[in-house]
Amino acid sequence: MAPLLFSYETLVHAVAGATGSVVGMAAFYPLDTLRSRQQVEDSTKLQGSTWELLVLIAKEEGLDSLYCGLGPVLQSLSVSNFVYFYTFHALKRSSIGSTAIKDLLFGVIAGSLNVLITSPLWVVNTRMKLGKNNYKSLSAGLFELFKKEGLRGLWSGTVPSLLLVSNPAIQFMVYESLKRNFIAMNCFNTYSAFMIGAIAKAIATTLTYPLQLIQSRLRAGSSLKPLYKDIKSNPKIIFRGLEAKIMQTVMTAALMFLIYEKVVRLVLTIMRVKVNKH
């Protein structure tokens, strides 16, 4: 059990995953802001293409509004991805052989643990991003939310979030499966990591988007009744904001996996050189 919990190699994967996700999110954060607003705000308010809406928000509310809540999001994302990557690779390390089904199962376990630990961070982030609460910091937001709404408020949206562990689970299953094929053909590198990372995220996001819409509404403290009413009159509303989401998550995930593979390769090479010297 000790090698499972205290493996330096697993720790490297966790740090690399957290680093890659932070860089990827910072690069494409305005798209995430737009996606959050499209999922939560009235469907008649934000209409137009992704680019048109980004320009409109920047003109009306200032460029800084597109980066509202960036700091707390990066803090939460680093914790979230550290937990996910560490758990996923610890499970892989303890297993004999690799298959798509195993990757999916490990992804579900890692995702569930991640949700239960970090859900309150994302509830505060969602409210900060939408300007619903002027929390001074992430920790202050957690304290204030607990004071006002208790544990239920901190873990609001946890049920759809647990269902949404299928998103990273599918993403990692597709990514690891394609990666094994590329390695078998001796053509896997950081650029192919970028490409298969984008493909994996596009598939996962499209399949799970309706659940993400419900999750965002619950985290924002919004009622689901108006959403159900809108869906009855226009079923396509369930995919509102998908364009911005696909653009943001695909590019973020692709950049994340590129940086992740580079960091893992670099650090493990340095570690092996040191071990060989000793």
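Nothing here was measured: the structure is a model prediction, and the numbers come from that model.

Q: Go over a nonpolar patch on the surface with me, naming the residues and quoting the values.
A: On the surface, Y8, L11, V15, F82 and M271 cluster together into a nonpolar patch covering about 440 Å² of accessible area. With 3 residues, helix α2 (residues 8-27) is the single largest residue contributor to the nonpolar patch. Relative to the helices and strands, M271 is located in helix α12 (residues 242-277).

Q: I'd like a rundown of the pattern of salt bridges, residues and numbers included.
A: According to the stated counting rule, one finds 5 salt bridges in the structure shown. Linking K179 and E261 is a salt bridge whose minimum nitrogen-to-oxygen distance equals 3.0 Å. Here K179, found in helix α9 (residues 166-184), pairs with E261, found in helix α12; they are 82 residues apart in sequence, far enough to count as distant. Here K179 falls in the buried class, since its relative accessible area comes to 14%. On the basis of relative accessibility, which here comes to 6%, the residue E261 falls in the buried class.

Q: Now, about the layout of surface pockets: what can you tell me, with residues and values included?
A: The volume enclosed by the largest pocket comes to roughly 400 Å³. E9, H13, H89, K179 and V264 are the residues nearest the centre of the largest pocket, which is lined by 19 residues in total. Where the lining of the largest pocket is concerned, the elements lending two or more residues are α2, α5 (70-94), α9 and α12. Broken down by element, the lining of the largest pocket gets its largest block of residues, 7 residues, from α12. Grouping the amino acids of the lining of the largest pocket by side-chain chemistry returns 5 nonpolar, 5 polar and 9 charged.

Q: Go over the packing of α5 against α9 with me, naming the residues and quoting the values.
A: Direction vectors running N to C along α5 and α9 enclose 50 degrees, while the axes themselves pass 13 Å from each other. On the basis of the axis angle, α5 is oblique to α9. In this structure, α5 meets α9 at a crossing whose hand is right-handed. Facing α5, whose interface residues are Y84, F85, F88, H89 and K92, α9 presents P168, A169, F172, E176 and R180. Its residues assigned to classes, the contact of α5 with α9 shows 6 nonpolar, 1 polar and 3 charged.

Q: Lay out the confidence of the model for the protein chain in plain terms, naming residues and giving numbers.
A: Here the protein chain averages 83 in pLDDT, and 83% of its residues register 70 or above. Averaged over each element, pLDDT in the protein chain is lowest for helix α1 (residues 2-5) (48) and highest for α9 (94).

Q: Before we move on, could you go through the environment of G24 and cite the residues and values that matter?
A: The residue G24 is located in helix α2 in this model. Assessed through its relative accessible area of 0%, G24 is described here as buried. Between the C-alpha atoms of G24 and F257, which are 233 residues apart in sequence, the distance is 9.0 Å. Here G24 is in contact with T252 and L255, once residues within four sequence places are set aside.

Q: An account of the UniProt feature "transmembrane region" (unreviewed entry) in the protein chain is needed here, citing residue identities and associated values.
A: With numbering matched to this structure, UniProt assigns "transmembrane region" (unreviewed entry) to residues 12-31, 104-124, 187-209 and 246-268. End-to-end, the C-alpha atoms of residues 12-31 are 29 Å apart, and along that stretch the chain is 95% helix and 0% strand. The span residues 104-124 is 100% helical and 0% strand by assignment, and the distance between its end C-alpha atoms comes to 29 Å.

Parameters and conventions
Residues numbered from 1 in each chain as written. Predicted model: local features only at pLDDT ≥ 70, side-chain atom pairs only at ≥ 80, totals over all residues. Heavy atoms only, no water. Patch = residues over 30% accessible without salt bridge, like charges linked within 9 Å, V, L, I, M, F, W, Y side chains within 5 Å. Areas by Shrake-Rupley, 256 points an atom, 1.4 Å probe, with all protein chains shown as cover. Salt bridge = Lys/Arg side-chain N within 4 Å of Asp/Glu carboxyl O. Helix = DSSP H or I, 4+ residues; strand = E, 2+ residues; numbered from the N terminus. Buried < 20%, exposed > 50% of the residue type's maximum accessible area, 1.4 Å probe, protein only. 1 Å grid on protein atoms, 1.4 Å probe; cavity = no way out; pocket = protein on both sides within 12 Å on 5 of 7 lines; lining within 4 Å. Points joined across faces, edges and corners; volume = space filled by probe spheres on them. Nonpolar A, V, L, I, M, F, W, Y, C, P; charged D, E, K, R; others polar. Axes fitted to C-alpha atoms, helices over the stretch in contact; angles between N-to-C directions. Parallel < 35°, antiparallel > 145°, perpendicular 65-115°, else oblique. Left-handed = near helix turned anticlockwise from the far one by under 90°. Contact = heavy atoms within 4.5 Å. pLDDT = per-residue confidence, 0-100. UniProt positions renumbered as here; feature names shortened; annotations may be inferred.

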